[in-house]
Amino acid sequence: MSQELYCYLNGKIVREGEAALSPFDRGFLWGDGVYEITPCFNRRLYRLKDHLDRLYRSFRYVRIDLGIGQEEVEKLTLDLLQMNLPLLAEESVYRVGHWVTRGMDTPSMVARAAGPPTLFIFWRPVAVEAAARSLAEGVKLAIVPTRRVPPQCLETRAKVTSKLNQILAELEADAVDSLSLMLDIHGNVSENSIANFFIVKKGVLWTPPAQNVLEGITRKVVFELSSRLRISVEEQHFSLYDLAQSDEFFLTSSVTCVTPVREVHGIRPSSPVPGPVTKRLMAAFVDETGFDFRKYLSD
Ligand code: PLP
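Note that the structure is predicted; figures quoted are calculated from it, not measured.

Peer 1: Can you help me understand the packing of aromatic side chains in this one?
Peer 2: Two descriptors summarise a pair of aromatic rings, namely the distance from one centre to the other and the angle between the planes of the rings. Scanning the entire structure with this criterion turns up 13 aromatic pairs. A centroid spacing of 4.5 Å and a plane angle of 35 degrees characterise the contact between Tyr 35 and Trp 99, whose relative ring orientation is tilted. One end of the pair, Tyr 35, is in strand β3 (residues 33-41); the other, Trp 99, is in strand β5 (residues 93-101), with 64 residues separating them in the sequence. Taking the relative accessible area as the measure of exposure, Trp 99 reaches 28% and is therefore partly exposed. Between Phe 197 and Phe 249 the ring centres are 6.2 Å apart and the planes differ by 35 degrees, which places this aromatic pair in the tilted class. Residue Phe 197 is found in strand β9 (residues 196-201), and its partner Phe 249 is found in strand β12 (residues 248-253); the two are separated by 52 residues along the sequence. We note that Phe 197, like Phe 249, is buried. By the ring-pair criterion, three or more aromatic residues cluster together here, those being Phe 41, Tyr 46, Phe 291, Phe 293 and Tyr 296. Sitting above the plane of the Trp 206 ring, Lys 201 keeps its charged end 4.8 Å from the centroid.

Peer 1: Explain the sheet that holds strand β7 (residues 139-143) here, please?
Peer 2: Through backbone hydrogen bonds, the strands of a sheet pair up, either in parallel or in antiparallel fashion. An order of β8-β7-β13-β12-β9-β10-β11 is seen for the seven strands of this open sheet, with the pairing classed as mixed. Of all strands in the sheet, those with a lone pairing partner are β8 (179-181) and β11 (233-235), marking the two edges. Along the sheet, successive strands turn relative to each other by an average axial angle of 40 degrees, direction set aside. Of the pairings in the sheet, the one linking β7 to β8 comprises three bridges and is parallel in character. Directly across from Ile 143, in β8, lies its bridge partner Leu 181. Strands in contact with helix α5 (residues 164-174) are β7 and β8; relative to β8, the strand with the most contacts, it is inclined by about 120 degrees. Docked against the sheet, helix α8 (residues 276-289) engages β9, β10 (204-207), β12 and β13 (257-264), running at close to 155 degrees with respect to β13.

Peer 1: Explain the pairing of β3 here, please?
Peer 2: Walk down a regular strand and you will see the side chains alternate between the two sheet faces. With eight of nine residues buried, β3 is to be regarded as a mostly interior element. The pairing of β3 with β5 spans nine bridges and is classified as antiparallel. Note that in β5 the partner of Val 34 across the bridge is Val 100. Alignment of β3 against strand β4 (residues 44-45), held across two bridges, turns out to be antiparallel. Bridge pairing in β4 links Phe 41 to Arg 44.

Peer 1: Before we go on, may I ask you to explain the site of the ligand in this structure?
Peer 2: In the region of the ligand, 18 residues are neighbours, and Lys 159, Glu 191, Ile 217, Thr 218 and Ser 254 sit closest. Residue Arg 54 places a side-chain N or O atom 2.9 Å away from an oxygen atom belonging to the ligand. In isolation the ligand exposes 390 Å². Once the protein is present, 95% of that is buried. More than half of the atoms of the ligand fall within 2 Å of the grid points belonging to the largest pocket.

Peer 1: Any chance you could explain α5 here in plain terms?
Peer 2: An α-helix turns once every 3.6 residues. As a result, residues three or four positions apart point the same way. Taken residue by residue, α5 has Asn 165, Gln 166, Ala 169 and Ala 173 as its buried positions. Seen along its axis, α5 keeps its buried residues to an arc of 90 degrees; they face one direction. Within α5, the exposed residues directed more than 90 degrees away from the buried face are Leu 164, Leu 171 and Asp 174. Those residues of α5 hidden inside the fold are in contact with β7 and β8.

Peer 1: What's the story with the domain arrangement of the protein in this structure? I'm lost.
Peer 2: How big an interface is tends to be expressed through the accessible area that disappears when the partners come together. You can read the domains of the protein as domain 1 (6-126) and domain 2 (132-290). The C-alpha centroid of domain 2 is placed 26 Å from the C-alpha centroid of domain 1. With 23 residues of domain 1 at the interface, the matching set in domain 2 holds 22 residues. Both faces combined, the contact of domain 1 with domain 2 buries some 1900 Å², and carbon together with sulfur accounts for 56% of it. When the buried surface of domain 1 facing domain 2 is broken down by residue, Tyr 35, Arg 54 and Tyr 61 rank first, second and third, together holding 31% of it. Taken together, the connections running from domain 1 to domain 2 amount to three salt bridges. Our count for the domain 1 to domain 2 interface comes out at 14 residue pairs in polar contact (both at pLDDT 80 or more). Only β3, α2 (48-62) and β5 provide two or more residues apiece to the side of domain 1 that touches domain 2.

About the thresholds
- Residues numbered from 1 in each chain as written.
- Predicted model: local features only at pLDDT ≥ 70, side-chain atom pairs only at ≥ 80, totals over all residues.
- Heavy atoms only, no water.
- Phe/Tyr/Trp six-rings, centres within 6.5 Å; stacked < 30°, edge-to-face > 60°.
- Helix = DSSP H or I, 4+ residues; strand = E, 2+ residues; numbered from the N terminus.
- Buried < 20%, exposed > 50% of the residue type's maximum accessible area, 1.4 Å probe, protein only.
- Lys NZ or Arg CZ within 6 Å of the ring centre and 35° of its normal.
- Pairing = 2+ DSSP bridges.
- Axes fitted to C-alpha atoms, helices over the stretch in contact; angles between N-to-C directions.
- Contact = heavy atoms within 4.5 Å.
- Near = heavy atom within 4 Å.
- Polar contact = N/O pair within 3.5 Å; in protein donor to acceptor, adjacent residues only side chain to side chain.
- Areas by Shrake-Rupley, 256 points an atom, 1.4 Å probe, with all protein chains shown as cover.
- 1 Å grid on protein atoms, 1.4 Å probe; cavity = no way out; pocket = protein on both sides within 12 Å on 5 of 7 lines; lining within 4 Å.
- Sits in = over half its atoms within 2 Å of the grid points.
- Arc of directions from axis to C-beta.
- Domains from an automatic or database assignment.
- Buried area = accessible area lost by both parts, 1.4 Å probe.
- Salt bridge = Lys/Arg side-chain N within 4 Å of Asp/Glu carboxyl O.

Have a look at this one:
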């Protein structure tokens, strides 16, 4: 029996290898779409509702009318999970993608005339050993020349498929063997290409305001867990000067949840990595998701 997972594409559930889309889709031609990545830990979707809420907020901003409601997309996703269930290991972690584009382009290239929208839902495995290593050792970030596109040009809270801004940032960081940390156009710390960024100063978490970054679901869960753990959080702009005075740094994103950062462009946190506050949050996420990456650490 083939182990290929099932995916959903425009009304049909097919094996991944059978999914095909026209090159005239506006997602391919213009990056004209929005997306979500929801983690699936041990065969259970984590915070699907939060992710679909954000998907529908993105739709309203980019004016895509999917033609079906959020509950219907949730049902399609749960039906697909049922089909994939026998192919997923009991202990496993997957990224579940919801990709939506404006659909087929027309000769006039007018966005309004395109469509109907394309909806693609799929499961992708996560490289757990590599993730486990990053969580144990922390990652190295570099401040990159490319600045985060300001919300006046393209709203940062919308999760759009046009990622070239962040891909350039990541290529710049990769040239110095790092992941990216982008600044906004004013020089404040913004975020990584696929993760939000936090610093810890004297036990208090600082993260940039949502108006300037993607409003991450994991970022939101950090706020919830911090309130439970009695850790204060401040949403505020901060500079590299503030960062240099910090005790801990970490990234947040769906799937890996909290990733310690061991260095930002030569600046090291004053605490050991992971620091005490980061460790508490990492442990709280293991309780939340039921998945512990540490089990996958190879020597
Ligand atoms: N920031 C950006 C630019 C992202 O693309 C992502 C996720 O893809 C995040 C932050 C983290 O968001 P979440 O916690 O919802 O995965």
